[in-house]
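The residues making up each chain are set out below.
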Amino acid sequence: MPPPPETAGRVRRFSGPVRWVHRTTAGLMLVCVASAACLYVPQLAELVGRRHLVVTVHEWSGLLIAVPLLTGLVSRSLRADLGRLNRFGPHDRQWLRAVRRRDDRPASRPAGKFNAGQKLYAAWIAGAVLVMAGTGLLMWFTGLAPLMWRTGATFVHDWLALAVGIVLGGHMAMALADPEARRGMRTGSVERQWARREHPLWREPGEGSLEDQ
């Protein structure tokens, strides 16, 4: 993989395929959460109506959530980022300890391309999507399992959906609080100064860390 292109003090953070997967998955997730809200919140259900259509939209958006990621696996850059998200090192534990102590000093929160919070979020949301898909299928295809299993699946699906909504809200709030992080996902590049401050251990193959440049 060649070093990331840099222009005017900026450094490449996300490739086109990575940004496409993120945007498409985010869109499907928002449709899924919004349609779920229209099914379970009485005021929204009355406002929207057409329950059968909403159920169909919810079911298919839920099933399609994994498609962008599976399609994007042909991209080497996406596979590389997934590998980074799946590795948890000593600096990540230091980052979490600093968060618990509410220590905001950059030196106390070392991070590679992804910090420990982003890694935990990615792992949690991936597991939640798998559980939601499994329980959703049991609820959709009633002949797959006995009534007791379907009742348990409904309970897990509903409460996990609430947790997913809360976690997604927190994720979006943190994104709104960091314009440069949003710009990186939108355009693919970030300011080198921001990268050095927020992700000092970030390095690409064939490069030193950003701190060394």
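Refer to the structure printed above.
Predicted, not measured: the structure shown is a model, and the values here were computed from it. (Residues numbered from 1 in each chain as written. Predicted model: local features only at pLDDT ≥ 70, side-chain atom pairs only at ≥ 80, totals over all residues. Heavy atoms only, no water.)

**Here's the deal with the overall build of the protein**
Put simply, the rule reads: The secondary structure listing takes helices from DSSP runs of H or I that are at least 4 residues long and strands from runs of E that are at least 2 residues long, numbered from the N terminus. Exposure categories follow from relative accessible area, calculated using a 1.4 Å probe and restricted to protein chains: below 20% of the type maximum is buried, above 50% is exposed, and the middle band is partly exposed. A contact between two residues is defined here by any heavy atoms of the two lying within 4.5 Å. What sets the accessible areas is the Shrake-Rupley method with a 1.4 Å probe; for residues, cover comes only from the shown protein chains. Residues scored as charged are limited to Lys and Arg (positive) and Asp and Glu (negative), so that His and the chain ends carry no count. Taken as the charge centre is NZ of Lys, CZ of Arg, CG of Asp or CD of Glu, depending on the residue.
Broken down by element type, the protein carries 10 helices and three strands. Mapped from its N terminus to its C terminus, the protein presents α and β elements in the order β-β-α-α-α-α-α-α-α-α-α-β-α. For the protein, the C-alpha atoms occupy an extent of roughly 60 × 35 × 35 Å along the three principal directions. Burial status across the protein gives 32% buried among its 213 residues. Counted over contacts in the protein with a minimum sequence separation of 6, partners at least 24 positions apart contribute 64%. Accessible area for the protein stands at about 13,000 Å²; split by element, carbon and sulfur atoms hold 66% of it. For the protein, the centre of its 28 positive side-chain charges and the centre of its 16 negative side-chain charges are spaced 3 Å apart.

**A closer look at the packing of helix α1 (residues 16-40) against helix α9 (residues 179-187)**
A pair of packed helices can be characterised by two numbers: the angle between their axes and the separation between those axes. We apply this condition: Fitted lines through C-alpha atoms give the axes, limited to the stretch in contact for helices. The angle between two N-to-C directions lies from 0 to 180 degrees. Geometric relationships in this document are graded by angle, where less than 35 degrees denotes roughly parallel, more than 145 denotes roughly antiparallel, 65 to 115 denotes roughly perpendicular, and other angles denote oblique. Three categories are distinguished: nonpolar for Ala, Val, Leu, Ile, Met, Phe, Trp, Tyr, Cys and Pro, charged for Asp, Glu, Lys and Arg, and polar for the others, with Gly belonging to the last.
Relative to each other, α1 and α9 sit at 105 degrees, their axes nearing to 8 Å. Overall, the two elements α1 and α9 adopt an arrangement that is roughly perpendicular. Every residue of α9 that contacts α1 at Arg19, His22 and Arg23 is listed here: Gly184, Met185, Arg186 and Thr187. Looking at the contact of α1 with α9, its residues break down into one nonpolar, three polar and three charged.

**Describing a positive patch on the surface**
To be explicit about the condition: Excluding any residue in a salt bridge, patches collect residues exceeding 30% relative accessible area, merging like charges within 9 Å and nonpolar Val, Leu, Ile, Met, Phe, Trp and Tyr side chains within 5 Å. For this analysis, a salt bridge means a side-chain nitrogen from Lys or Arg found within 4 Å of a carboxyl oxygen belonging to Asp or Glu.
A cluster of basic side chains, namely Arg93, Arg97, Arg100 and Arg101, defines a positive patch on the protein surface. Structurally, the position occupied by Arg97 is in helix α6 (residues 90-100). Overall, Arg97 belongs to the partly exposed group, its relative accessible area being 37%.

**Looking at the side chain of Ser108**
Worth spelling out the cut-off: N or O atoms closer than or at 3.5 Å make up a polar contact, with two conditions inside protein: a donor-capable atom paired with an acceptor-capable one, and, for residues adjacent in sequence, both atoms drawn from side chains.
As for its position among the elements, Ser108 is in the loop between α6 and α7 (116-140). Side-chain polar atoms of Ser108 contact the side chain of Asp103, separated by 2.7 Å. In this structure Ser108 touches Gln94, Trp95, Ala98 and Asp103, once residues within four positions along its chain are discounted.

**Re the nonpolar core**
Note the following rule: We define a nonpolar core as any set of buried Ala, Val, Leu, Ile, Met, Phe, Trp, Tyr and Cys residues linked to one another through side-chain atoms lying within 4.5 Å.
Formed by Leu28, Met29, Cys32, Ile65, Ile125, Ala128, Met132, Leu160, Val164 and Leu168, the largest nonpolar core amounts to 10 residues. Listing elements by their share of this core, those giving two or more residues are α1, α7 and α8 (147-176). Those residues in contact with Leu160 that lie beyond four places of it in its chain are Trp124, Ala128, Val131 and Met132. Counting residues in hydrophobic clusters, the runner-up holds six residues, among them Phe14, Leu78, Phe114 and Met185.

**Regarding the packing of aromatic side chains**
Rules: Each pair of aromatic rings taken from Phe, Tyr and Trp, with Trp reduced to its six-membered ring, is defined by centres within 6.5 Å and is described as stacked if the planes are under 30 degrees apart, edge-to-face if over 60, and tilted in the remaining cases.
Applying the stated rule across the entire model yields four aromatic pairs. Considering the side-chain rings of Trp60 and Trp140, the 5.7 Å spacing of their centres and the 85 degrees angle between planes classify their relative orientation as edge-to-face. Of this pair, Trp60 sits in helix α3 (residues 51-64) while Trp140 is found in helix α7, placing the two residues 80 residues apart along the sequence. By relative accessible area, Trp140 is classed as partly exposed at 27%. On the basis of an interplanar angle of 55 degrees and a centroid distance of 6.5 Å, the ring pair of Phe155 and Trp159 is categorised as tilted. With Phe155 and Trp159 both in helix α8, this residue pair falls four residues apart, about one helical turn.

**Observations regarding the state of the cysteines**
Put simply, the test is: Count a disulfide wherever a pair of cysteine sulfur atoms falls within 2.5 Å.
Taken as a whole and judged by the stated rule, the model has zero disulfides. Sulfur of Cys32: no disulfide; nearest cysteine sulfur belongs to Cys38 and is 12 Å away. In this structure Cys32 comes out as buried when scored by relative accessible area, which is 13%.

**Examining the pattern of salt bridges**
Inspection of the entire model under this criterion finds eight salt bridges. Arg10 is the salt-bridge partner of Glu180, the closest N and O atoms lying 3.2 Å from each other. Taken together, the residues span a long stretch of sequence, with Glu180 in helix α9 and Arg10 in strand β2 (residues 10-12) at a distance of 170 residues. Residues Glu180 and Arg10 agree in their burial class; the two are buried. The shortest N-O distance in the salt bridge between Lys119 and Asp92 comes to 2.8 Å. Here Asp92 lies in helix α6 and Lys119 lies in helix α7, a separation of 27 residues in the sequence. Here Lys119 falls in the buried class, since its relative accessible area comes to 8%. One continuous salt-bridge network, built from bridges that share partners, spans Arg10, Glu180 and Arg183.

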